[in-house]
Amino acid sequence: MMTMQFSHFPAHCPGSSLGRSSDSPCPGAPVISIRRSTSVQVPNNCSSAANGQGALYFGAGNICRRFCGLKLRILESLKIKHPRRKHRPVDEFKSIKTQEKDELAGHVEAAQSAERASTVNFTKDSIEEGAGTTSRAGESSSEQPQSGISEEVVASIDSSHLPQMASSRYPVNHIGESSLSIAVIGATGELAKGKIFPALFALYYSGFLPDNVCIFGYSRKNLTDEDLRSIISSTLTCRIDHQENCAEKMDSFLSRTYYLNGGYDNKEGMSKLNAKMKLFEGKAEAKRIFYLSVPQEALLDVASSVANYAQTQKGWNRIIIEKPFGFDAASSQKLTQYLLSKFEENQIYRIDHLLGKNLIENLTVLRFSNLVFEPLWSRKYIRNIQVILSEDLNMRTGKYFEGYGIIRDVVHSHVLQTIALLAMEPPISLQGEDIRNEKVKVLRSIRKLEPSDVILGQYKATHGDEVDVKTKNRTPTYFAAALFVDNARWDGVPFMIRTGMGLIKHRMEIRIQFHHVPGNIYRERIGHNIDLATNELILRDVPDEAILIRVNNKVPGLGLQLDASELNLLYKDRYNVEVPDSYEHLLLDVIDGDSHLFMRSDELAAAWNILTPILNEIDRRNISPELYELGGRGPVGAYYLWAKHRVQWAED
């Protein structure tokens, strides 16, 4: 044996959980770097390196394994104290302190954690397991080494030792900039595969996601990173209007996407997710988004686990929750109270993808940025407002017969939010909270629905492949109603709603009809139906996004004949761009902290107060849905409701 005095040396041993060295005679052997001068006993068959550094290299076979005992003697000589812990996976590394850049070069590839770390403690139990055993790194001991010398032990971790990371190197934030971590909980579900991941890629492709972003897919399935990437890659598409570097961008996006099998214990799963996020984030500012794409019955457990085990302390945390937001007023209130016990209101984003349509944003833009409309926006000039949303047979309808129905799924969020944006007073700014303050005032002013002002429908059940067969279920698939906002601006103006499934066509539009011209001198030239000459503003999203204004004009030629024509702004003709998907819009709003298209808790409660009387009547079987043909125009009763309130029916 000989004694070597050195300040830094690499020591190699195969099968360990520590870092790798390319110049070791034992391929893939780990490296332990020890700073500050100390003395250890080294076997005589160890060769020394140049530049005053010693490299412990052993022969082949079991000689390398003998170094595991040497590691223990080194650690004991340094008097590093540690608690005895059971063997666990390496992904529970809590703290790794980086060395100076010049000393790390060529020797250590740092895997950082941002919490309260400074050293890595190796347990004696793990060391004695020898080659092929994974050691655990725990939090640093608060006690200083008794020798009085400040030693630092840095372990470079190969990313292949992290669970599910065998196919790719795990990202580490070396640049020290703030990072964005996005976790999709329920990553193998249809919503995640079909909407969330494609929307995230579209944002990344268009430059709306930072370079320092990492996306985590989380579910209970036993998959690898490559499995998840293979699943979602087939759903990713580049912009039609600009496809430069499409393949390169897609590869770059997929390389930032990782998978975590959370198992059936969300507490343990979220702890693992937190550890991986810390490893990526380093010590810089951290931003985290958790998209809870999970069934309603799993929402509370997942949300609680995220709150308790996965939130960062170095930046902001935001959670996204999918509709429906409760089954009724009571269940919604309990859900809200529970979420507010775990998160702040400004952390919660209740998403409704229909509110991400360009049509919805145009409501406020047209009204508040055009002088021609704002002075007319009241009962003095507006006769009625119609909100129309119909879905054809291509839409999935299974969930409507699981008890939620179209009232809870569409009317409670999308329709009422649309009316709130239409009818609200001008906000003091475009900040999300200022807009939500005005929206909730409208919702609180809406009169509770009367059964006489409501028409329910259900399409006739068939045995076709496209629809459900639930002949005894009373859950409505069609809803028509007349709403009234009891305030000074809108007193007496009917807001007519009709929305349904399995109708003749997919249609989404808002129609604002104005009063007739008082004392119209052209009345005799208009014809017998003066309603045909009503001025109208139409905001259409489907089938073709457009803004139309119906005006009266003279027909060219001799004589005086009037015609009602449409001034048409068709988006596909005016703008040669691809309209982003609504999920892109809403996800970008979450990243930016813009909450105006997301329901606040008080908005949620106000919406339930409007609909609760009708839901109670349905539960008491005092209202029965009217059957209508699939592919038809809906219940006949809706026509009578429109006639009752003297509103012109907009033909399909």
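Shown above is the structure to which this text applies.
What you see is a predicted model; the values in this text were computed from it and never measured. Within every chain, residues take consecutive numbers counted from 1 along the sequence as written. Totals for whole chains, interfaces and linings use every residue, but because this is a predicted model, local features are given only for residues with pLDDT of at least 70 and side-chain atom pairs only at 80 or more, for both listing and counting. To get the side-chain values, all heavy atoms of the structure are used, and hydrogens and water are removed first.

Peer 1: I tried to follow the overall build of the chain on my own but got confused; where do I start?
Peer 2: Runs of H or I in DSSP of at least four residues are treated as helices and runs of E of at least two as strands, each being numbered from the N terminus. Helix and strand counts for the chain stand at 17 helices and 21 strands. Note on exposure labels: buried denotes an accessible area under 20% of the residue type's maximum, exposed denotes more than 50%, and partly exposed covers the range between, all computed with a 1.4 Å probe on protein chains only. In the chain, buried positions account for 53% of the 652 residues. Long-range pairs, those at least 24 residues apart, make up 75% of the contacts in the chain between residues at least 6 apart in sequence. Only the protein chains shown count as cover for residues, with accessible areas throughout obtained via the Shrake-Rupley method and a probe of 1.4 Å. With an accessible surface of roughly 29700 Å², the chain has 50% of that area assigned to carbon and sulfur atoms. Contacts: residue pairs with any heavy atoms within 4.5 Å of one another.

Peer 1: So what exactly am I meant to see when it comes to the environment of glutamate 584 here?
Peer 2: As for its placement among the helices and strands, glutamate 584 is situated in helix 15 (residues 582-592). Overall, glutamate 584 belongs to the buried group, its relative accessible area being 7%. Sequence separation between glutamate 584 and phenylalanine 201 is 383 residues; the distance between their C-alpha atoms is 9.0 Å.

Peer 1: What is the right way to look at the pairing of strand 13 (residues 382-390) in this model?
Peer 2: Counting buried positions over the nine residues of strand 13 gives nine, a clear majority of the element. Pairing between two strands requires that DSSP report at least two bridges joining them. In this structure, strand 13 lies alongside strand 17 (residues 507-514), joined through eight bridges in antiparallel fashion. Bridged to isoleucine 388 within strand 17 is glutamate 509. Note that strand 13 and strand 16 (residues 494-500) share six bridges and pair parallel. Counterpart to valine 387 in the pairing with strand 16 is isoleucine 497.

Peer 1: Where do I start with the sheet that holds strand 17 in this structure?
Peer 2: Adjacent strands of a sheet form backbone hydrogen bonds with each other and so pair up, either parallel or antiparallel. Taking strand neighbours across the sheet as the criterion, the nine strands line up as 20-19-18-17-13-16-15-14-21 in an open arrangement whose pairing is mixed. Each having just a single partner strand, strand 20 (562-570) and strand 21 (626-628) make up the two edges of the open sheet. Taking each pair of neighbouring strands and ignoring which way they run, the sheet shows an average axis angle of 20°. Note on geometry: axes are C-alpha line fits, over the in-contact stretch for helices, and angles between N-to-C directions span 0 to 180 degrees. The sheet contacts of helix 10 (residues 358-369) involve strand 17, strand 18 (536-542) and strand 19 (546-554), and relative to strand 18 the element is tilted by about 155°. Its contacts with the sheet put helix 11 (residues 405-423) on strand 13, strand 14 (454-459), strand 15 (478-484), strand 16 and strand 17, and the angle it makes with strand 16 is roughly 145°.

Peer 1: Whenever I open this one, the sheet that holds strand 12 (residues 348-351) confuses me. Can you help?
Peer 2: Across the sheet, six strands lie side by side as 9-8-7-10-11-12; this open sheet has parallel pairing. Here the strands that pair on one side only, and so sit at the sheet edges, are strand 9 (257-261) and strand 12. The average undirected angle you get between the axes of adjacent strands in this sheet is 20°.

Peer 1: Mind showing me how you'd approach a nonpolar patch on the surface here?
Peer 2: Patch membership is restricted to residues that have no salt bridge and whose relative accessible area is over 30%. Joining uses 9 Å for like charges and 5 Å for the nonpolar side chains Val, Leu, Ile, Met, Phe, Trp and Tyr. One side-chain nitrogen of Lys or Arg within 4 Å of one carboxyl oxygen of Asp or Glu is enough to make a salt bridge. On the surface, Ile521, Tyr522 and Leu560 cluster together to form a nonpolar patch covering roughly 310 Å² of accessible area. Tyrosine 522 gets classed as partly exposed once you look at its relative accessible area, which sits at 37%.

Peer 1: Explanation requested: helix 8 (residues 296-309) in the structure shown.
Peer 2: An α-helix turns once per 3.6 residues; consequently, residues spaced three or four apart project the same way. Taking 1.5 Å of rise per residue, the 14 residues of helix 8 would be expected to cover 20 Å, and the 20 Å separating its terminal C-alpha atoms lies within 8% of that figure. Of the positions making up helix 8, those classed as buried are Leu299, Val302, Ala303, Ser304, Ser305, Val306 and Ala307. Elements that come into contact with the buried residues of helix 8 comprise strand 7 (179-185), helix 7 (266-281), strand 10 (286-292), strand 11 (317-322) and helix 9 (329-342). For a helix, the expected span equals 1.5 Å multiplied by the number of residues minus one.

Peer 1: What am I meant to see in the environment of methionine 424 here?
Peer 2: With respect to the helices and strands, the residue methionine 424 is situated in the loop between helix 11 and helix 12 (432-445). Counting along the chain gives 66 residues from methionine 424 to tryptophan 490, while the straight-line C-alpha distance between them is 9.9 Å. Setting aside residues up to four positions removed in sequence, methionine 424 forms contacts with Thr364, Arg367, Phe368, Ile435, Glu438, Lys439 and Val442.

Peer 1: When you look at the pairing of strand 12 in this model, what are you seeing that I'm missing?
Peer 2: A regular strand places its side chains on the two faces of the sheet in alternate fashion. Covered by surrounding structure in strand 12 are Ile348 and Arg350 together with Tyr349 and Ile351, the residues of both alternating faces. The pairing of strand 11 with strand 12 spans four bridges and is classified as parallel. The residue of strand 12 that forms the bridge with isoleucine 319 is isoleucine 348.

Peer 1: Please explain the packing of helix 10 against helix 11 as it appears in this structure.
Peer 2: Helix packing geometry: the angle between the two helix axes and the distance between the axes. One way to put it is that helix 10 packs onto helix 11 with a least axis distance of 9 Å and a crossing angle of 10°. Taken as axis vectors, helix 10 and helix 11 run roughly parallel relative to one another. For the pair formed by helix 10 and helix 11, the contact residues are Ile360, Leu363, Thr364 and Arg367 on the first element and His414, Thr418, Leu421, Leu422 and Ala423 on the second. Across the contact of helix 10 with helix 11, the residue classes break down as five nonpolar, three polar and one charged. Any angle that is under 35 degrees is reported as roughly parallel, and any over 145 degrees as roughly antiparallel; angles of 65 to 115 degrees are reported as roughly perpendicular and all others as oblique. Classification convention: Asp, Glu, Lys, Arg as charged; Ala, Val, Leu, Ile, Met, Phe, Trp, Tyr, Cys, Pro as nonpolar; all other residues, Gly among them, as polar.

Peer 1: Just to check I follow, could you spell out the pattern of salt bridges for this structure?
Peer 2: Here the idea is simple: oppositely charged side chains can pair when their charged atoms come close. For the structure on display, the rule yields 26 salt bridges. For lysine 357, the salt bridge goes to aspartate 541, with nearest N and O atoms at 3.9 Å. Pair noted here: lysine 357 is in the loop between strand 12 and helix 10 and aspartate 541 is in strand 18, with a separation of 184 residues, a long-range link. The exposure class assigned to aspartate 541 is buried, which follows from its relative accessible area of 10%.

Peer 1: What exactly am I supposed to notice about the state of the cysteines here?
Peer 2: In protein structure, a disulfide is the covalent linkage between the sulfur atoms of two cysteines. Cysteine sulfur atoms that come within 2.5 Å of each other are treated as a disulfide pair. Under the definition given, this model contains one disulfide. Each sulfur in the disulfide pair cysteine 238 and cysteine 246 lies 1.9 Å from the other. Taking the torsion about the S-S bond as the criterion, the cysteine 238 to cysteine 246 disulfide, at about 90°, is right-handed. On the accessibility criterion, cysteine 238 (9% relative accessible area) is buried. For cysteine 246, a relative accessible area of 19% gives the class buried.

Peer 1: What's the story with helix 17 (residues 637-644) in this structure? I'm lost.
Peer 2: Within helix 17 the residues assigned to the buried category are Gly637, Ala638, Leu641 and Trp642. All buried residues of helix 17 lie within an arc of 145° about the axis, which places them on one face of the element. Opposite the packed face of helix 17, turned more than 90 degrees from it, sit the exposed residues Tyr640 and Ala643. Where the residues of helix 17 are buried, they touch strand 13, strand 14, strand 15, strand 16 and strand 21. The reported arc concerns the directions from the helix axis to the C-beta atoms and nothing else.

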